[in-house]
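# Structural characterization, general
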Amino acid sequence: MVMLESLKTLLPRKVSTAPTDLETHGKDESYPVRHPPLAVVFAESPTDIQTTLAWAREHHLPVIPFGAGTSIEGHVIPQVRAISLDVSRMNRVLEVQPQDFMAVVEPGLTRKALNEALKGTGLFFPVDPGADASLGGMAATNASGTTTVRYGGMRHNVLALQVVLANGQVLELGRGVRKTSAGYNLKDLFIGSEGTLGIITRLTLKLHPIPEHIHTLRVFFDDLSDTAQAAYAVMASGLPVARLELVDEVGIRAINHYLGRSYPEKPALFVEFHSSTKEALEAESSMALGLMQETGAISIDTARTQEERNAQWEARHQAYWALVNLFPGKEYLSTDTAVPISRMPDLVEYSSRLLREMGLTGNILGHVGDGNFHTLVVCEPGDPRGEVFSERLVEHTLALGGTCTGEHGVGLRKKKYLSKEHGPALDWMRQIKQLFDPQNLLNPGKIFD
């Protein structure tokens, strides 16, 4: 198209219409619908982003921000003719300030690359969603993960942002300090906005000391309800757990098959404690073990070396792909809900019962220390029951005072629940979108229509 030639002239060697690039940028990890963009811009600087947005305003074409493509709710999939704005080449660590426990990075840098760059500083960035996602994308979806129960998600660990608005203006949001009371908190408005308000071009991140002592456990139960109750007992005790993950027996079986492990095929809690002293670590983990044994634990395995710990968390992070591998040729619907921590056992029980009642194969796993877990439903292609299950689960979650998404974000799939969850506040979200993006150029059709 002629107009794409003008974009290529503005950004030499940074615009692709190659079929492979278009296909890659028209899908995410698991959303079933695919829709390739007209072109992909591989931005290398904020100026490239401003140039792309100026061209998009002139031609009235939407722009979809793209990091690593690891989202699963359709966040990066165009709904209309659009340009995919890929920031993966903006992947530098701009500054590390160990004395202030901070790092300044570009949005295309992945979390693993950041922690690799931090080696030797005694610090690490804790937000761990499993996938090696881009840090800009993690901020855009307010990602979290296995360590969130101790260290918080992205909103807790982003101190400042630089963003480019749809009109090309550059905003500096937040400051490199641990707290501020200076005006409206616009920085947090952009965290979780899924690329609908502006393009993140720089992040100032909070770093944490690497713990001196780590204790990692796998605790197995006969019953899924006992597993969830044990997780709640640990959280209710106030113990400073660093990771508390539930994996049901289907997930354990899939992990054993996919990774060649020999874990007992029973519901399990994967647990980890971090501490600065050996004595505190032993006392805390001993108390947690006592609570779990009182709640029905039948066996306990300890990961005693760094290699064993890495293997355990690799198993947790590979659980999704292990499940996909266990059921080849099927369709998968992964839904993510969160409730107040005291209601988490109720929701786990409801989810398990609903799967049985509907005759569905599924898996329950997730960050139960946060009251958040994921249910993966396995269906034959075209079977509508997966979507019906998701709707019923979300309805029950909202009735318990929870949210339709704890960490995946809204994207395309969860839009229909926002009115019930937010009520009149949803209209104010629409007005905020209109204020920042009056032409509706930034990721249109996501969060709301």
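Attention here is on the structure that accompanies the text. If you're wondering where the values come from, they're calculated on a predicted model, not measured in any experiment. (Residues numbered from 1 in each chain as written. Predicted model: local features only at pLDDT ≥ 70, side-chain atom pairs only at ≥ 80, totals over all residues. Heavy atoms only, no water.)

### Remarks on the nonpolar core
- Counting 37 residues, the largest nonpolar core has L244, L269, V271, M292, V368 and F389 as the members making the most contacts within it.
- Of all elements in the fold, only β12 (213-221), α9 (224-236), β13 (241-247), β14 (268-275), α11 (278-294), α14 (344-357), β18 (372-379) and α15 (385-399) reach the threshold of two or more residues within this core.
- Sort the elements by how many residues they give to this core and α14 lands first, with 6 residues.
- L109, M138, A143 and I191 belong to the second largest nonpolar core, which has 28 residues in total. (Core = buried A, V, L, I, M, F, W, Y, C linked by side-chain atoms within 4.5 Å. Buried < 20%, exposed > 50% of the residue type's maximum accessible area, 1.4 Å probe, protein only. Helix = DSSP H or I, 4+ residues; strand = E, 2+ residues; numbered from the N terminus.)

### What to know about the environment of V2
- With respect to the helices, strands and loops of the structure, V2 is situated in helix α1 (residues 2-10).
- Linking V2 and V93, residues 91 residues apart in sequence, is a C-alpha distance of 37 Å.

### A look at the packing of α1 against helix α3 (residues 46-59)
- Contact pair α1 / α3: the axes reach a minimum separation of 10 Å and the direction vectors enclose 160°. Judged on the interaxial angle alone, α3 and α1 are roughly antiparallel. In this structure, the crossing between α1 and α3 has a hand that is right-handed. Taken together, the residues of α3 that come into contact with α1 (itself represented by M3, L4, S6, L7 and L10) are T51, W55 and H59. (Axes fitted to C-alpha atoms, helices over the stretch in contact; angles between N-to-C directions. Parallel < 35°, antiparallel > 145°, perpendicular 65-115°, else oblique. Left-handed = near helix turned anticlockwise from the far one by under 90°. Contact = heavy atoms within 4.5 Å.)

### A closer look at the sheet that holds strand β6 (residues 102-105)
- The 5 strands lie next to each other as β5-β6-β10-β8-β9, forming an open sheet whose pairing is antiparallel. In the strand order of this sheet, the two ends are held by β5 (93-97) and β9 (170-174), each with one partner. Neighbour-to-neighbour, the strand axes of the sheet open up by a mean angle of 10°, direction not taken into account.
- Direction of pairing for strand β8 (residues 158-164) relative to strand β10 (residues 199-206): antiparallel, over a ladder of 6 bridges. (Pairing = 2+ DSSP bridges.)

### Side note on helix α12 (residues 306-317)
- With 12 residues, α12 should reach 16 Å at 1.5 Å per residue; the first-to-last C-alpha distance of 16 Å fits that figure.
- Of all the positions in α12, only R309, Q312, W313, A315 and R316 are classed as buried. The buried residues of α12 occupy an angular sector of 150° when the element is viewed end-on, so they sit on one face. (Expected span 1.5 Å × (residues − 1). Arc of directions from axis to C-beta.)

### Here we look at the packing of aromatic side chains
- Taken as a whole and judged by the stated rule, the model has 5 aromatic pairs.
- Considering the side-chain rings of Y263 and F270, the 6.2 Å spacing of their centres and the 85° angle between planes classify their relative orientation as edge-to-face. We note that Y263, like F270, is buried.
- Ring centres of F270 and W313 lie 6.1 Å apart, and the angle between their planes is 75°; this geometry places the pair in the edge-to-face category. Separated by 43 residues along the polypeptide, F270 in strand β14 and W313 in helix α12 bring together distant segments of the chain. (Phe/Tyr/Trp six-rings, centres within 6.5 Å; stacked < 30°, edge-to-face > 60°.)

### Remarks on unusual backbone geometry
- A positive phi angle, close to 55°, is found at H60, a residue other than glycine.
- Counting through the fold element by element, H60 comes out in the loop between α3 and β3 (63-66).
- One non-glycine residue, I447, adopts positive backbone phi at about 70°.

### Some points on the sheet that holds β12
- Spatial strand order, β15-β12-β14-β13-β17-β18-β16: 7 strands in an open sheet with antiparallel pairing. The open sheet is flanked by β15 (297-303) and β16 (331-338), the only strands paired with a single partner. Each strand axis lies, on average, 15° off the axis of its neighbour in the sheet, ignoring direction.
- With 6 bridges joining them, β12 and β15 adopt antiparallel strand pairing. Within β15, the residue paired with V219 across the bridge is I300.
- Contacts from α11 reach β12, β14 and β15, with the element oriented near 160° to β14.
- In the packing of α12 onto the sheet, the strands contacted are β12, β13, β14, β15, β17 (361-366) and β18, and the crossing angle to β14 comes to about 130°.

### Comments concerning the packing of helix α10 (residues 249-259) against helix α13 (residues 319-326)
- In the contact formed by α10 and α13, the axes pass within 8 Å of each other and the chain directions differ by 80°. Of the possible angle classes, the one that applies to α10 and α13 is roughly perpendicular. Listed contacts from α13 to V250, G251, R253, A254, I255, H257 and Y258 of α10 are A319, W321, A322, L323, N325 and L326.
- Residue composition of the contact of α10 with α13, grouped by class: 9 nonpolar, 3 polar and 1 charged. (Nonpolar A, V, L, I, M, F, W, Y, C, P; charged D, E, K, R; others polar.)

### Details of the state of the cysteines
- By the definition in use, this model includes 0 disulfides.
- Cysteine C379 shares no disulfide, and the gap to the nearest cysteine sulfur, in C404, comes to 20 Å.
- The exposure class of C404 is buried, given its relative accessible area of 1%. (Disulfide = S-S within 2.5 Å.)

### Describing the pattern of salt bridges
- In this structure the tally under the stated criterion is 25 salt bridges.
- Here K14 ties to D48 by a salt bridge, and the two come within 2.9 Å at their closest N and O atoms. In this pair, K14 sits in the loop between α1 and β1 (15-16) while D48 sits in helix α3, placing the two residues 34 residues apart along the sequence. We note that K14, like D48, is buried.
- Notably, a salt bridge pairs D222 with K266, separated by 3.0 Å at the nearest N-O pair. Of this pair, D222 sits in the loop between β12 and α9 while K266 sits in the loop between α10 and β14; the two residues are 44 residues apart in sequence, bridging distant segments of the chain.
- For K266, a relative accessible area of 32% translates into the label partly exposed.
- In the salt-bridge network here, residues are joined through shared partners; they are R111, D128, R243 and E272. (Salt bridge = Lys/Arg side-chain N within 4 Å of Asp/Glu carboxyl O.)

### Overview of the side chain of H408
- Among the secondary structure elements, H408 is positioned in the loop between α15 and α16 (418-422).
- Residue classification places H408 among the buried positions, given a relative accessible area of 14%.
- At a separation of 3.4 Å, a polar atom in the side chain of H408 contacts the side chain of H374. (Polar contact = N/O pair within 3.5 Å; in protein donor to acceptor, adjacent residues only side chain to side chain.)

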